[in-house]
Amino acid sequence: MYKRQALLAAALAYFVFATISFLGSVSQPMPVAASARSQVASSFAQLVGPASAGKMALAGRFLQRSGLTSTEASASVALNSIAGIVTHLLLMAGFFAWAGGADVGGVSLPSVGTLLLALGIGVLAIAIASLFPQVRRLVIRPVIDGVRRAAGYVAQVVRSPIRVAALLGGSTCITMSYLCALVVSVEAFGGGITVAQIGAAYLGASAIANIAPTPGGIGPLEAAMVAALSGFGLEAGIAISAVLTFRLATFWFPILPGWLTFLYMERRGEI
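In short, a report on the structure.

Procedures and definitions
Residues numbered from 1 in each chain as written. Predicted model: local features only at pLDDT ≥ 70, side-chain atom pairs only at ≥ 80, totals over all residues. Heavy atoms only, no water. Helix = DSSP H or I, 4+ residues; strand = E, 2+ residues; numbered from the N terminus. Buried < 20%, exposed > 50% of the residue type's maximum accessible area, 1.4 Å probe, protein only. Contact = heavy atoms within 4.5 Å. Areas by Shrake-Rupley, 256 points an atom, 1.4 Å probe, with all protein chains shown as cover. Axes fitted to C-alpha atoms, helices over the stretch in contact; angles between N-to-C directions. Parallel < 35°, antiparallel > 145°, perpendicular 65-115°, else oblique. Left-handed = near helix turned anticlockwise from the far one by under 90°. Nonpolar A, V, L, I, M, F, W, Y, C, P; charged D, E, K, R; others polar. Phe/Tyr/Trp six-rings, centres within 6.5 Å; stacked < 30°, edge-to-face > 60°. Patch = residues over 30% accessible without salt bridge, like charges linked within 9 Å, V, L, I, M, F, W, Y side chains within 5 Å. Salt bridge = Lys/Arg side-chain N within 4 Å of Asp/Glu carboxyl O.

Right, let's get into the overall build of the protein. What the protein contains, in helices and strands, is 11 helices and two strands. The buried share among the 271 residues of the protein stands at 40%. The contacts in the protein between residues at least 6 apart in sequence include a share of 75% that link residues at least 24 apart. Just so you have it, the protein exposes about 13900 Å², and 71% of that area is on carbon and sulfur atoms.

Where helix H4 (residues 70–99) contacts helix H8 (residues 195–209), the two axes come as close as 8 Å, and the packing angle between them is 140°. The angle between the axes of H4 and H8 places the two elements in the oblique class. Crossing angle aside, the handedness with which H4 passes H8 is left-handed. Touching His88, Leu91, Met92, Phe95, Phe96, Trp98 and Ala99 of H4 are Val195, Ala196, Gln197, Gly199, Ala200, Leu203, Gly204, Ser206 and Ala207, all from H8. Residue composition of the contact of H4 with H8, grouped by class: 11 nonpolar, five polar and no charged.

This part takes up the side chain of Asn80. Structurally, the position occupied by Asn80 is in helix H4. Asn80 gets classed as buried once you look at its relative accessible area, which sits at 19%.

This part takes up the packing of helix H7 (residues 161–188) against H8. Two quantities define a packed helix pair, namely the angle between the axes and the distance from one axis to the other. Across the interface, H7 lies against H8 with an axial gap of 10 Å and an inter-helix angle of 120°. Considered as vectors, H7 and H8 are oriented oblique to each other. For H7 against H8, the interelement crossing comes out right-handed. Residues Thr175, Tyr178, Leu179, Leu182, Val183 and Val186 of H7 lie in contact with H8, whose contacting residues are Val195, Ile198, Gly199, Tyr202 and Leu203. Of the residues that constitute the contact of H7 with H8, the class distribution is nine nonpolar, two polar and no charged.

Glancing now at the packing of aromatic side chains. All told, the structure shown has eight aromatic pairs when counted by the stated rule. The interplanar angle of 80° and the centroid separation of 5.1 Å between the aromatic rings of Tyr14 and Phe15 together place this pair among those described as edge-to-face. Considering the side-chain rings of Tyr202 and Phe246, the 5.8 Å spacing of their centres and the 70° angle between planes classify their relative orientation as edge-to-face. Separated by 44 residues along the polypeptide, Tyr202 in helix H8 and Phe246 in helix H10 (residues 236–252) bring together distant segments of the chain. For Tyr202, a relative accessible area of 6% corresponds to the buried category. Overall, Phe246 belongs to the buried group, its relative accessible area being 2%. Here the aromatic residues Tyr14, Phe15, Tyr178, Tyr202 and Phe246 are joined through ring pairs into a cluster of three or more.

A cluster of nonpolar side chains, namely Ile82, Val86 and Leu90, defines an oily patch on the protein surface of about 290 Å² accessible area. Considering the arrangement of structural elements, one finds Ile82 in helix H4.

This brings us to the environment of Val26. If you trace the backbone, Val26 turns up in the loop between helix H1 (2–24) and helix H2 (32–45). Once the C-alpha coordinates of Val26 and Asn80 are considered, the two residues, 54 residues apart in sequence, prove to be 8.9 Å apart.

Inspection of every chain in the model, using the stated rule, returns three salt bridges. Taking the shortest distance from any N to any O, the salt bridge between Arg37 and Glu270 comes out at 2.6 Å. Of this pair, Arg37 sits in helix H2 while Glu270 is found in the segment after helix H11 (255–268), placing the two residues 233 residues apart along the sequence. Across the pair Glu222 and Arg247 runs a salt bridge whose closest N-O atoms are separated by 2.7 Å. Here Arg247 lies in helix H10 and Glu222 lies in helix H9 (residues 220–231), a separation of 25 residues in the sequence. Taken as a pair, Glu222 and Arg247 share a single burial class, namely buried. A network of salt bridges, in which partner residues are shared, links Arg37, Arg268 and Glu270.

Below, the structure is given as structure tokens:
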């Protein structure tokens, strides 16, 4: 029974920390209750579009309804997303080191050389595109202007230590709450591997599955998590049961309250 309660608590903690992180990404005071509702509603919105596109669209809409300009809303959403990516990668590196390696279920992370090559190709493509005057006028200059305005807004946010602490602390705790939920799920079916290995499996699988073109990573995320846990030595049956339980608690169950909250916010004109 206590494991079921712990799993529920970890799943609910996500919304608390998501609200804290969200509030930390906005330079102006935001209504806490409405901000929390937007995080619950995002459980439904994530079904629209790949990765976190639905969540980001809902957050941007909510911020604009709350008085932010489109540039400010976009900058806030981007800042929150970047904070989540950075904290996820830092935690992933830490758990990989703790678990004793960077291979997750037989899948290795890209080498530094591969990442640098990809970065170089991207820079080269931008440089070639910038040689065409029409591209500079229609694409590059508007992007630069938008980045400049967004940077000014982000500077307002990061000048506040409290907001920075909320943004980074909330983002870190979001990942840790999901990690705790997976640990509880694995232990509920008998366990068999360490917390460090579960953490490395979850963080690595999540990073890999985030590029999947499916809403909420449905399919690829489950497959990657099962493969990663099995790669660390967890029995296949336990891995499958634990992952399905974890996803039920953190992804599928919140969809109904998320949908009801979404409708409520629509009626109130919050989104």
